[in-house]
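# Chain and residue survey
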Amino acid sequence: MSFQAKKLINDPNDVVTEFIEGLVETYPGLQYLDGFPEVKVVLRADVSSGTYDKVAVISGGGSGHEPAHAGFVGEGMLTAAICGDVFASPPVDSILAGIRAVTGPMGCLLIVKNYTGDKLNFGLAAEQAKSEGYKVETVIVGDDCALPRPRGIAGRRGLAGTILVHKVAGAVAADGLSLAEVAAEAKRASELVGTMGVALSVCTLPGQVISDRLGQGKMELGLGIHGEPGAAVADLQPVDIVVSHVLKQILSTETHYVPITRGSRVVLMVNGLGATPVMELMIAAGKAVPQLQLEHGLAVDRVYTGSFMTSLDMAGLSITIMKADQATLQRLDAPTKAPCWPVGVDGDHPPAKIPVSVPPSRSTRNVEVVRRPAELNEQGLILEAAIEAATTEIIRFKDSLNEWDSKVGDGDCGTTMSRGATAILEDMRKYYPVNDAAETVNEIGASIRRVMGGTSGIIYDIFCKAAYAKLKESNLPVVTAQQWADALEAAIAAISKYGGAMAGYRTLLDALIPALDVLREQLLARDDPGIAFVLSSDAALSGAESTKNMNPQAGRSTYVSGEVLQTVPDPGAMAAAAWYRAAALAVQNKLHHY
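Quantities reported herein were computed from a predicted structural model and do not represent experimental measurements.

So, about the pattern of salt bridges. Scanning the entire structure with this criterion turns up 25 salt bridges. Between Lys472 and Glu439 there is a salt bridge whose closest N-O contact spans 3.4 Å. On the criterion of sequence distance, the pair formed by Lys472 in helix α13 (residues 454-474) and Glu439 in helix α12 (residues 437-451) is long-range, its members being 33 residues apart. Under the relative-accessibility criterion, Glu439 is labelled buried at 17%. The salt bridge involving Arg520 is made with Asp486; its shortest N-O contact spans 2.8 Å. Residue Arg520 is found in helix α15 (residues 509-525), and its partner Asp486 is found in helix α14 (residues 481-499); the two are separated by 34 residues along the sequence. The network of salt bridges with shared partners includes Asp175, Glu185 and Arg331.

Laid out in structure tokens, this is it:
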């Protein structure tokens, strides 16, 4: 079945003009020619052909690659960008309009990506401009390293490496060099750069149906920026392997697309294709740098990571490697007012980055080294059994918690809780002083703080800290059931104080508060604390299940519709009921054993 892609647009035919209108409203240094819809040209607001006394640098092509090319218009980079319709080369009249608008007596350089339509349209416009008396030079950029060298005349496609050529040419032009010198610098830069892309999905054009060319678990190697097929479709691999493959392809000594050999200095660009999170781009950059250094013997002088030349909503990335000498680095570091150039990236990239040491705590408390006792007493054995049962149950419960949380939260409750439970279990077996109940509770909090992120982590850390403080008050070697109830009450009070939640708010307190109430009642009514704990765990489970009928007052559930909430209990409450019940059953079993 085919589905039309969801887009925040009006008429698909107007997306480029409306994009330009939004762009110039966002960046005051940009302006556009009043020629919509035929002429779509973005230019520097401070430049006119009658007064501009430097070489104008002009580029462009089909739209859909934003921020390229209009986002790189600005002093020190492009003077104008010619925008075609989505994935369509701009018409000759638009290119001519751009040339006429910004080209003064120094002339203009056209930087063109190596696609047939772009070359023909920009070429014809250049010839027409020359006939009108303008000085025009053209540099074609073909940095694609994914495909074998073509037998015909097509050549290598122009990809994200074009942005580095823009920067070099723009910096040279800003210095006042001649047209011939600017063109020579741009041509040299284009010969030093190589790019390869990897896609996880195919882009969707405005107003068209979603493509299913790439199925589940597949990636496409070496596809172009218009979604055209690449070199191969392969099974999705971890990013380490993907990055390694791309770097080897770009730096291949067989194709020798770029004149880079061991010992060369290089610039790295990791470019998102439109739908790739910054997190994934940074991961790829973090893997690419050491591979370039250690496996290929290259000095990485600059790293640019972000979205520079996209392909609408395509998921994936491209990697660009450019050979760099000191002159090239100076061009890349030169100031620019182009809004989408990463201005924070300049200066030498260190060969290795050593993490900054974590500052020591200012606490003056003399803490003894925590260690597991050689032999466990009765209390230690009971506590160890309770912790082991509780953590094991949470780990077993992981998928169910995630499933519930995917409907009412962010889908990671089980993963987060399981991560904490695993750490507690491992740390207990290594060093928890389980004969000392208070210190053990404190260490549980430390384990949670180390590995559990998000709201759950801090809530359970507060829980443990408050319980620890209450247990320490008695300073007795054996903790009674009544003192455990007091510690639970203190922990509940602390969570309510700092988190703002109360009974009926659809949180873990809706499991723990009923458990505390029943535990108090049963400890007064009977002499068997094991049964009291188990009966209170029944109340915890009932309380957790009753959250289906509650309107949430805290957490992400407050954003979820009532119809959805009624189908699942609160995951946090269910997690609390699960570990509490498992611990209670283990305590009862151990007490009856003794």
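A separate point is the nonpolar core. Grouped together as the largest cluster of nonpolar side chains are 65 residues, with contacts concentrated most on Met417, Tyr460, Phe463, Trp579 and Tyr580. Looking at which element gives the most residues to this core, the answer is helix α18 (residues 571-593), with 11 residues. Aside from chain neighbours lying at most four places away, what touches Tyr460 is Met417, Ile448, Met452, Leu508, Ala576 and Trp579. Core analysis: the second largest hydrophobic core is formed by 50 residues, Leu23, Leu30, Tyr115 and Ala183 among them.

Another point: the packing of α12 against α13. It is at 8 Å that the axes of α12 and α13 come closest, and there the two elements cross at 165°. Between α12 and α13, the crossing angle belongs to the class labelled roughly antiparallel. Read as a crossing pair, α12 and α13 show a hand that is left-handed. Residues Ala437, Ala438, Glu439, Val441, Asn442, Ile444, Gly445, Ile448 and Arg449 of α12 lie in contact with α13, whose contacting residues are Gly457, Tyr460, Asp461, Cys464, Lys465, Ala467, Tyr468, Leu471 and Lys472. For the contact of α12 with α13, the per-class residue count stands at 10 nonpolar, three polar and five charged.

By secondary structure assignment, the location of Asn13 is in the segment before α1 (15-26). In this structure, the C-alpha to C-alpha distance between Asn13 and Gln216, residues 203 residues apart in sequence, is 31 Å.

Before going further, it helps to examine a negative patch on the surface. Together, Asp11, Asp14, Glu18, Glu21 and Glu25 make up a region of like negative charge exposed at the surface. Structurally, Glu21 is set in helix α1.

Per the stated rule, a full pass over the model turns up eight aromatic pairs. Taken together, a centroid distance of 4.8 Å and an interplanar angle of 5° make the contact between Tyr32 and Phe36 stacked. Given the relative accessible area of 25%, Tyr32 is considered partly exposed. Aromatic pair Tyr304 and Trp341: ring centres 5.0 Å apart, planes at 50°, arrangement tilted.

All right, on to the pairing of strand β4 (residues 80-86) then. Of all seven residues that make up β4, five are buried, and the element is covered over most of its length. As judged from the five bridges shared by strand β3 (residues 56-63) and β4, these two strands associate in the parallel manner. Residue Gly60 lies in a different strand from β4, and its bridge partner there is Ile82.

Attention now moves to the sheet that holds strand β11 (residues 299-306). Strand order in the open sheet formed by six strands is β9-β8-β7-β12-β10-β11, with mixed pairing between adjacent strands. Two strands bound the open sheet, and with one partner strand each, they are β9 (232-235) and β11. Strand-to-strand twist of the sheet, defined as the mean angle between neighbouring strand axes without regard to direction, takes the value 20°. For strand β8 (residues 218-221) and β9, the ladder comprises four bridges, and the chain directions are antiparallel. Bridging from a neighbouring strand, Leu221 pairs with Ala232 of β9.

About the criteria used
- Residues numbered from 1 in each chain as written.
- Predicted model: local features only at pLDDT ≥ 70, side-chain atom pairs only at ≥ 80, totals over all residues.
- Heavy atoms only, no water.
- Salt bridge = Lys/Arg side-chain N within 4 Å of Asp/Glu carboxyl O.
- Helix = DSSP H or I, 4+ residues; strand = E, 2+ residues; numbered from the N terminus.
- Buried < 20%, exposed > 50% of the residue type's maximum accessible area, 1.4 Å probe, protein only.
- Core = buried A, V, L, I, M, F, W, Y, C linked by side-chain atoms within 4.5 Å.
- Contact = heavy atoms within 4.5 Å.
- Axes fitted to C-alpha atoms, helices over the stretch in contact; angles between N-to-C directions.
- Parallel < 35°, antiparallel > 145°, perpendicular 65-115°, else oblique.
- Left-handed = near helix turned anticlockwise from the far one by under 90°.
- Nonpolar A, V, L, I, M, F, W, Y, C, P; charged D, E, K, R; others polar.
- Patch = residues over 30% accessible without salt bridge, like charges linked within 9 Å, V, L, I, M, F, W, Y side chains within 5 Å.
- Areas by Shrake-Rupley, 256 points an atom, 1.4 Å probe, with all protein chains shown as cover.
- Lys, Arg positive; Asp, Glu negative; His and termini not counted.
- Charge placed at Lys NZ, Arg CZ, Asp CG, Glu CD.
- Phe/Tyr/Trp six-rings, centres within 6.5 Å; stacked < 30°, edge-to-face > 60°.
- Pairing = 2+ DSSP bridges.

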